[in-house]
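Architecture at a glance
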Amino acid sequence: AGPGLKVISTLSVGFDHLALDEIKKRGIRVGYTPDVLTDATAELSVALLLSACRRLPEAVEQVKSGGWTTWKPLWMCGYGLSDSTVGIIGLGRIGQAVARRLKPFGVRKFLYTGSGPKPESAAEFGAEFVPLMRLAEESDFVVVTCALTPATQGMCNKDFFGRMKKTSVFVNTSRGAVVNQEDLYEALANGQIAAAGLDVTTPEPLPTDHPLLSLKNCVILPHIGSATYATRSTMAVLAANNLLAGLRGEPMPHELKL
């Protein structure tokens, strides 16, 4: 864009696609769209969790392919949320919104981890702040809703999946790079964990020949966390207002503090 670039407005809550160091150096202002996509992303996170733990895509395929025959007691069995322990990595706006939606399913206990305890946020769910590896060991469901930072990059790796229960389900709706995908593939293929649901991958789009796509116990969506008509419309208006305010030299409705 050259030296004339003064303002960037991104239609997203994530900003890992922006060259922040260069932007900061040039004094460019950045607008983004947090808050407005919290509910849509939390809803999608719950849908993805249920799809993975109750094997919904696999079940749909069985209906279409003729695999649905006589009744069998353990056919297509999965894992339920009732009386479970849910671990949330990143109890920010989206993490809290996910917990709020999962609580009525009869979850017994919430654990969370992040850069530090958030007692006020956690009080609503009676959530306990624990180290990452304890969260992996004790959770029946792990939901990743943290931001991508140098500290979280590749955080969910071989060691992490190795600590999880064989019956546990892993869900990521944050950023693909938080997960080491090769390690996740091994964990799923070897039955180290039961299932996974991903709305984010590295790269995006994921190549159609990627090993994860060959697994029945891995549900992958094309990064549609905020994809409701109402949410995308609100995001678009906010992105436009951020840009206009930036060009006028006024405070943006939502400016990224660099």
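Residues numbered from 1 in each chain as written. Predicted model: local features only at pLDDT ≥ 70, side-chain atom pairs only at ≥ 80, totals over all residues. Heavy atoms only, no water.

Let's talk about helix H9 (residues 229–248)
For H9, built from 20 residues, the straight-helix expectation of 28 Å at 1.5 Å per residue is met to within 8% by its first-to-last C-alpha distance of 29 Å. Restricting attention to buried positions, one finds in H9 the residues Thr231, Met235, Leu238, Ala239, Asn242, Ala245 and Gly246. With its buried residues spanning 135° around the axis, H9 presents them on a single face. In this structure, H9 carries Tyr229, Ala230, Leu247 and Arg248 as exposed residues pointing more than 90 degrees from its buried face. Looking at the buried residues of H9, the elements they touch are strand S1 (7–9), strand S2 (29–31) and helix H2 (38–53). (Helix = DSSP H or I, 4+ residues; strand = E, 2+ residues; numbered from the N terminus. Expected span 1.5 Å × (residues − 1). Buried < 20%, exposed > 50% of the residue type's maximum accessible area, 1.4 Å probe, protein only. Arc of directions from axis to C-beta. Contact = heavy atoms within 4.5 Å.)

Points about helix H4 (residues 93–102)
Burial within H4 is extensive, with seven of its ten residues counted as buried. In this fold, the buried residues of H4 make contact with H2, strand S3 (85–89), strand S4 (109–113), helix H5 (119–123) and strand S6 (141–144).

Description of the domain arrangement of the chain
Along its sequence, the chain is organised into domain 1 (7–32 + 229–256) and domain 2 (37–66 + 77–220). For domain 1 and domain 2, the distance between their C-alpha centres works out to 29 Å. Interface area, domain 1 with domain 2, both sides summed: about 480 Å², of which 66% is carbon and sulfur. By the criterion of area lost to domain 2, the three top residues of domain 1 are Val13, Asp16 and Thr231, representing 74% of everything that side buries. In this structure, the connection of domain 1 to domain 2 is made through one salt bridge. The salt bridge partner of Arg175 is Asp16, with a shortest N-O separation of 2.7 Å. Inspection of the domain 1/domain 2 interface yields one residue pair in polar contact (both at pLDDT 80 or more). By residue class, the composition of the side of domain 1 that touches domain 2 is two nonpolar, two polar and one charged. (Domains from an automatic or database assignment. Buried area = accessible area lost by both parts, 1.4 Å probe. Salt bridge = Lys/Arg side-chain N within 4 Å of Asp/Glu carboxyl O. Polar contact = N/O pair within 3.5 Å; in protein donor to acceptor, adjacent residues only side chain to side chain. Nonpolar A, V, L, I, M, F, W, Y, C, P; charged D, E, K, R; others polar.)

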